[in-house]
Amino acid sequence: MRTYNFLIDSNILFPAEPQSLNDITSLSEIALEFQRLCNKHRHHIFIHPAQIQDITSDRNEERKKLRQLSLKRFEMLMDSPPIVNICKVIPVPSKRNDIVDYYLLAALYAQAVHFLVTEDKEIHKRARLLQIESKVIFLKDAIKMIQSSKRLTIFPHSSIIKAHYLNLEDDIFVSLKEEYPGFMNWISRCREEQRDCIVIQESNQEQYWGIAILKRHDMDFFNKLCNQDILKICTLKLIYKAQGQYMSELLLKGIFDYAYTHDHLCIIVEVNTHSHPDLSNFLEEFGFMKTEHFARNGIDSVYVKYLLPPADSDTNLLSSFEANRLYGPRYIKPNSQRIFLVPIKPEWHNGLFPEFNPQHDFLFESHTYSNSIRKVYISSNTRIKLDEGAALLFYLSHSEQIVTNICIVEKIKISKSTEQIIKFCKGYAVLPESEINHSTRNCTKDAMAIKMRICFSFEPAIKLDELLVLGYIKGPPQTITRLKGDSAAWLLKKINFGS
């Protein structure tokens, strides 16, 4: 299930934090249930700095002090957007009490959070004028949304849990216990140290499809090797039925995301290459490099993955794609990128990028192509020239009009033959064959299949207006369109890597 950021109005905050019997309202019970569900499913609840005014203006000194303390339980929304942006659409606030409401709406309008939870009907009315009414929800609807998304979101996903939360009776641990006699003693230490783990599950199931147990590594010889803050993958395991469904890529993507979030720019893993030759090949495909210098026995090999080029490397010798493969997924080689905007229909977008689901989409079919880092996109526009290493910005067309993801082009195949397209896509995650047939059956000319790798997901998404204001495009794209101007420098700044 995707993690959501909720901004709550004071009419939700105060009932959730009653300071006396007089403060308990009809909303208190469901406000507390909302908090419980958010904590359980790792959603984030934010309050806005402007809401402090609602507390400091309280004439009841005892209640004011208690509420000021209770604020520390919530995350404060920092660097909140100004209200000037929404005042272009809705009237300037005439009452002092409206100013806080405007700040809440401004934060949502700027996509600083996913949803605003409020019982204030005036805020709901203003949200309609701003065309963000679907993201302003009542408390009961917020609870239903969390419950529904937990029940209905069925595509496999990765999540982070502590080692002491692992269910050691799960089937995935059977072979580990058999292969490694000291496994239970070792996993006990992992639990005591509260190590982080990446697990793959379907939201409606408890069974693990895959697991990675991680550790921040501080051994001198590894630090000397990477000269970086190192993340070690201690265990990497998939169950049999997950093989062939791109679960290994989904698990690796979760590891990469974790490394970026925790500022690890070097990842290491030890592999028994005799027992797991396929794992070695898989890691090398995603830029892990084998080094013999630090193997501690005659069996295990150490694989190293850098998430930025080391100081002594020369990326000038690498193509744009190869640089991304070795140092990505978020690395883009400076001053070498051609940037393209790719309009994509919502139904295809939701399949290729299931983690970015608009608030109204909680149910997805489970597709194997949703799980992968390596993907294929098919376009009828063969006149546009796409080079290996070009950056594709996927633009969610129709009502959303936002840019959500960047992918890097690996290879191109142009053909009107469905069979040729399918053959080209072999080994890569692609839309179902029925969708390929639909894309190519009416083609009197060639279609273009694009092998690509996901690089980065924008959260919040980039509004089309930003590209228009910067002059990178003239209007909403109807087909693949190259961005103009200094779009490469803009993109590097957006993803904050590779510069």
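Calculation notes
Residues numbered from 1 in each chain as written. Predicted model: local features only at pLDDT ≥ 70, side-chain atom pairs only at ≥ 80, totals over all residues. Heavy atoms only, no water. Pairing = 2+ DSSP bridges. Helix = DSSP H or I, 4+ residues; strand = E, 2+ residues; numbered from the N terminus. Contact = heavy atoms within 4.5 Å. Axes fitted to C-alpha atoms, helices over the stretch in contact; angles between N-to-C directions. Buried < 20%, exposed > 50% of the residue type's maximum accessible area, 1.4 Å probe, protein only. Arc of directions from axis to C-beta. Salt bridge = Lys/Arg side-chain N within 4 Å of Asp/Glu carboxyl O. Parallel < 35°, antiparallel > 145°, perpendicular 65-115°, else oblique. Left-handed = near helix turned anticlockwise from the far one by under 90°. Nonpolar A, V, L, I, M, F, W, Y, C, P; charged D, E, K, R; others polar. Phe/Tyr/Trp six-rings, centres within 6.5 Å; stacked < 30°, edge-to-face > 60°. Lys NZ or Arg CZ within 6 Å of the ring centre and 35° of its normal. pLDDT = per-residue confidence, 0-100. Lys, Arg positive; Asp, Glu negative; His and termini not counted. Polar contact = N/O pair within 3.5 Å; in protein donor to acceptor, adjacent residues only side chain to side chain.

Asker: I keep staring at the sheet that holds strand β14 (residues 374-379) and nothing clicks. Help me out?
Answerer: Think of a sheet as strands paired side by side through backbone hydrogen bonds, with each pair either parallel or antiparallel. With mixed pairing, 6 strands are arranged side by side in an open sheet as β14-β17-β16-β15-β13-β18. Every interior strand has two partners, whereas the edge strands, β14 and β18 (481-482), have only one. Summarising the sheet, β14 and strand β17 (residues 447-463) pair through 6 bridges and their orientation is antiparallel. Paired with V376 across the two strands is K451, which belongs to β17. Sheet strands touched by helix α15 (residues 418-425): β14, β16 (402-415) and β17. Its angle to β16, the strand with the most contacts, is close to 115°.

Asker: Would you mind going over the environment of T235 with me for this structure?
Answerer: Relative to the elements of secondary structure, T235 occurs in strand β9 (residues 230-238). T235 gets classed as buried once you look at its relative accessible area, which sits at 10%. In the structure, T235 is positioned 38 residues away from C197 in sequence and 9.2 Å away in space, judged by C-alpha atoms. Not counting chain neighbours up to four residues away, the residues in contact with T235 comprise L176, W186, I211, A212 and I213.

Asker: Looking at this structure, I do not really get α15. What am I missing?
Answerer: Looking only at α15, the buried set comprises T418, I421, F424 and C425. Projected down its long axis, α15 shows its buried positions confined to an angular sector of 125°, all on one face. Across α15 from its buried face, at more than 90 degrees, point the exposed residues E419 and K423.

Asker: Whenever I open this one, the pattern of salt bridges confuses me. Can you help?
Answerer: Charged atoms that come close allow side chains of opposite charge to pair. Within this structure, the stated rule accounts for 17 salt bridges. Between D98 and R126 there is a salt bridge, with its nearest N and O atoms 3.4 Å apart. One end of the pair, D98, is in helix α5 (residues 96-109); the other, R126, is in helix α6 (residues 121-129), with 28 residues separating them in the sequence. Each member of the pair, D98 as well as R126, carries the same accessibility label: buried. The salt bridge involving K385 is made with D387; its shortest N-O contact spans 3.7 Å. Here the salt bridges share partners, and the residues they tie into one network are E249, E285, R374, E410 and R453.

Asker: I would appreciate a short explanation of the environment of G389 in the present structure.
Answerer: With respect to the helices, strands and loops of the structure, G389 is situated in the loop between β14 and β15 (391-396). The exposure class assigned to G389 is buried, which follows from its relative accessible area of 3%. The spatial distance from the C-alpha of G389 to the C-alpha of N324 is 7.8 Å, given a sequence separation of 65 residues.

Asker: Honestly, the packing of α5 against α6 in this entry has me stumped. Any pointers?
Answerer: When two helices pack together, their arrangement is captured by the angle between the axes and the distance separating the axes. Across the interface, α5 lies against α6 with an axial gap of 11 Å and an inter-helix angle of 45°. One way to sum up the angle between α5 and α6 is to call them oblique. Our pair here, α5 against α6, has a crossing hand that is right-handed. Across the interface between the two elements, D98, D101, Y102 and L105 of α5 pack against I123, R126 and A127 of α6. Taken together, the residues of the contact of α5 with α6 break down into 4 nonpolar, no polar and 3 charged.

Asker: I keep staring at the packing of aromatic side chains and nothing clicks. Help me out?
Answerer: Each aromatic ring pair is characterised by the separation of its centres together with the angle its planes make. What the rule picks out here adds up to 14 aromatic pairs. Taking 5.3 Å as the distance between ring centres and 80° as the angle between the ring planes, the aromatic pair formed by F6 and F34 counts as edge-to-face. Of this pair, F6 sits in strand β1 (residues 5-8) while F34 sits in helix α2 (residues 28-40), and the two are 28 residues apart along the sequence. In this structure, F6 and F34 share a single accessibility class: buried. Aromatic ring contacts, followed pair by pair, group Y4, F6, F34 and F115 into a single cluster. Geometry around F286 places R453 over its ring, the cationic atom sitting 5.1 Å from the centre. Over the aromatic face of Y109 sits the side chain of K463, whose NZ or CZ is 4.1 Å from the ring centroid.

Asker: Looking at this structure, I do not really get the sheet that holds strand β2 (residues 44-47). What am I missing?
Answerer: Spatial ordering of the open sheet is given by β3-β2-β1-β4-β5, a layout of 5 strands whose pairing is parallel. Of all the strands in the sheet, the pair left with one neighbour each is β3 (75-76) and β5 (136-137). The pairing of β1 with β2 spans 3 bridges and is parallel. Of the residues in β2, the one forming a bridge with F6 is I45.

Asker: Teacher, can you tell me more about the confidence of the model for the protein chain here?
Answerer: Reading predicted coordinates in detail is not appropriate for stretches of low pLDDT. For the protein chain, the average pLDDT comes to 81, and 82% of its residues sit at 70 or higher. Looking at the elements of the protein chain, mean pLDDT is at its lowest for helix α16 (residues 433-440), recorded as 55, and at its highest for helix α9 (residues 183-192), recorded as 95. When the criterion is pLDDT under 50, residues 150-154 qualifies, and its contacts beyond four places in sequence or with other chains add up to 15 contacts. Segment residues 358-369: pLDDT under 50, and 35 contacts once partners within four positions in sequence are set aside and those in other chains are kept.

Asker: Would you mind going over helix α13 (residues 320-327) with me for this structure?
Answerer: Since the α-helix packs 3.6 residues into each turn, any two residues three or four apart lie on the same face. Within α13, 7 of the 8 residues are buried, which leaves the element mostly enclosed by the surrounding structure. Considered for burial, the residues of α13 that qualify are S320, F321, A323, N324, R325, L326 and Y327. Tucked into the core, α13 has its buried residues touching α11 (247-261), α12 (277-285), β12 (300-306), β16 and β17.

Asker: When you look at the side chain of K237 in this model, what are you seeing that I'm missing?
Answerer: Following the sequence through the fold, K237 ends up in strand β9. In this structure K237 is buried but unpaired, with E179 as the nearest side chain of opposite charge at 4.6 Å. A polar contact is formed between the side chain of K237 and the side chain of S175, at a distance of 2.7 Å. Once residues lying within four places of it in the same chain are set aside, the contact partners of K237 are I172, S175, L176, W209, G210, I211 and L251.

Asker: Looking at this structure, I do not really get the pairing of strand β13 (residues 339-344). What am I missing?
Answerer: The side chains of a regular strand alternate between both faces of the sheet. Burial of β13 is extensive: 6 of the 6 residues sit out of reach of the surface. Side-chain alternation along β13 places I339, L341 and P343 on one buried face and F340, V342 and I344 on a second face that is also buried. Relative to β15, β13 runs parallel, the two sharing 6 bridges. For P343, the partnering residue across the bridge sits in β15 and is Y395.

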